[in-house]
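# A closer look at the structure
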Amino acid sequence: MKLAPSLLAADFGRLLDQALAIADLSDYLHWDVMDGHFVPNLTFGPVVVNALRERVSTPFDIHLMITDPHRYAPHFRIRSGDLISFHLEAVSDPVPVVETIHKMGARAGLALRPKTPLSAVERFLAQIDFLLIMSVEPGFAGQSFLAETLEKIRQARELIRRKSLSVEIEVDGGVNAQNIREIARAGADIIVAASAIFGQRDPRAALQELCALAIS
Ligand code: DX5
Ligand code: ZN
C-alpha cells in the first residue's frame, strides 16, 4: 500500500515548502492538473509542476483532469517511474495517449469518474500500469467519499486478478482516517489524500497516522 498526498489542499503560496514537508514520508506526490474545461476548476500546469520536479526527489503522480491529455502530457518533464494518469472520458481512444506516456518513460494510468463503469476500461487494462478510481467527482478537494466506490475497487481487483495482470489500483477522493483502512482492504494499492493531510494542523503527523491506519 502506497500513499500519494495531493497538493490540492496545500497552501499554494508555499507549494515547495509544503511538498518538501511531507516528501520523505510519501511514496508519490499527487498533482491535480485541471484545465477549467474537463472539470470546473483550474489549478496548475506543466510550468509549475516542472519547476517543482527539479526540487523534489519523491516520485510524482500527475493526474490530468484535462480535455486534451495527448497534447499536454509531453509538456511534463518527468523522471523515470513517475505516474501520469488521464481520464478515459476525455478521449476517444486512450491507446495513443498511453503509448506517448510510456515513450516519455512514465507509467501510464487511466482514471475513471465515479459513474464510469469498469466495463468501459476493461479492454484497455492490459496496456496500462494503473487504474485510478475516483471516489468523488473530479474537480475539488474536501468532498465526501462515495461509499459505492468500495465495491468498484473490489470488482476492479477481481477483474485484474482474473486477467492475471499486474495493474495497480489507485483510489482518489474523500479519503480520511475513518475510511482508509476499508479502502486499503478493498484492494487499493495507491491511496491519494489532500484534505486529510494538508487540511490538518500537522500534515506530517496526519500522513503518518493515515499510513498506520491503512496497514492496520
Ligand atoms: C479531485 C482530485 C483529488 C483531490 C482529493 O478532483 O483528483 O486528488 O485532491 O482531495 P481530498 O482528499 O480532499 O478529497
Ligand atoms: Zn487527483
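Refer to the structure printed above.
Summary of the structure given here.

Cut-offs and rules
Residues numbered from 1 in each chain as written. Chains lettered and ligands numbered in written order. Predicted model: local features only at pLDDT ≥ 70, side-chain atom pairs only at ≥ 80, totals over all residues. Heavy atoms only, no water. Core = buried A, V, L, I, M, F, W, Y, C linked by side-chain atoms within 4.5 Å. Buried < 20%, exposed > 50% of the residue type's maximum accessible area, 1.4 Å probe, protein only. Helix = DSSP H or I, 4+ residues; strand = E, 2+ residues; numbered from the N terminus. Contact = heavy atoms within 4.5 Å. Near = heavy atom within 4 Å. Polar contact = N/O pair within 3.5 Å; in protein donor to acceptor, adjacent residues only side chain to side chain. Areas by Shrake-Rupley, 256 points an atom, 1.4 Å probe, with all protein chains shown as cover. 1 Å grid on protein atoms, 1.4 Å probe; cavity = no way out; pocket = protein on both sides within 12 Å on 5 of 7 lines; lining within 4 Å. Sits in = over half its atoms within 2 Å of the grid points. Nonpolar A, V, L, I, M, F, W, Y, C, P; charged D, E, K, R; others polar.

### Remarks on the nonpolar core
With 62 residues, the main nonpolar core has Trp31, Ile62, Leu64, Leu131 and Ile183 as its most contacted residues. Of the residues forming this core, the biggest block, 5 residues, is contributed by helix 5 (residues 149-162). Setting aside its immediate chain neighbours within four residues, Ile62 contacts Trp31, Val33, Val49, Phe76, Ile78, Leu83, Ile84 and Ser85.

### Regarding the site of ligand 1
Residues in close proximity to ligand 1 total 20 residues, the closest being Asp32, Gly139, Asp172, Gly174 and Ser195. A distance of 3.0 Å separates an oxygen atom of ligand 1 from a polar side-chain atom of Ser6. Between ligand 1 and Ser195 there is a distance of 2.4 Å, counted from an oxygen atom to a side-chain nitrogen or oxygen. With the chains in place, 99% of the 380 Å² that ligand 1 exposes on its own is no longer accessible. Placement of ligand 1 is best described as lying within the largest pocket. Of all the secondary-structure elements, those providing two or more residues to the shell around ligand 1 are strand 2 (29-34), strand 3 (60-65) and strand 8 (190-193). Considering every element that reaches the shell around ligand 1, the biggest residue donor is strand 2, with 3 residues. For the shell around ligand 1, the residue count by class is 10 nonpolar, 8 polar and 2 charged.

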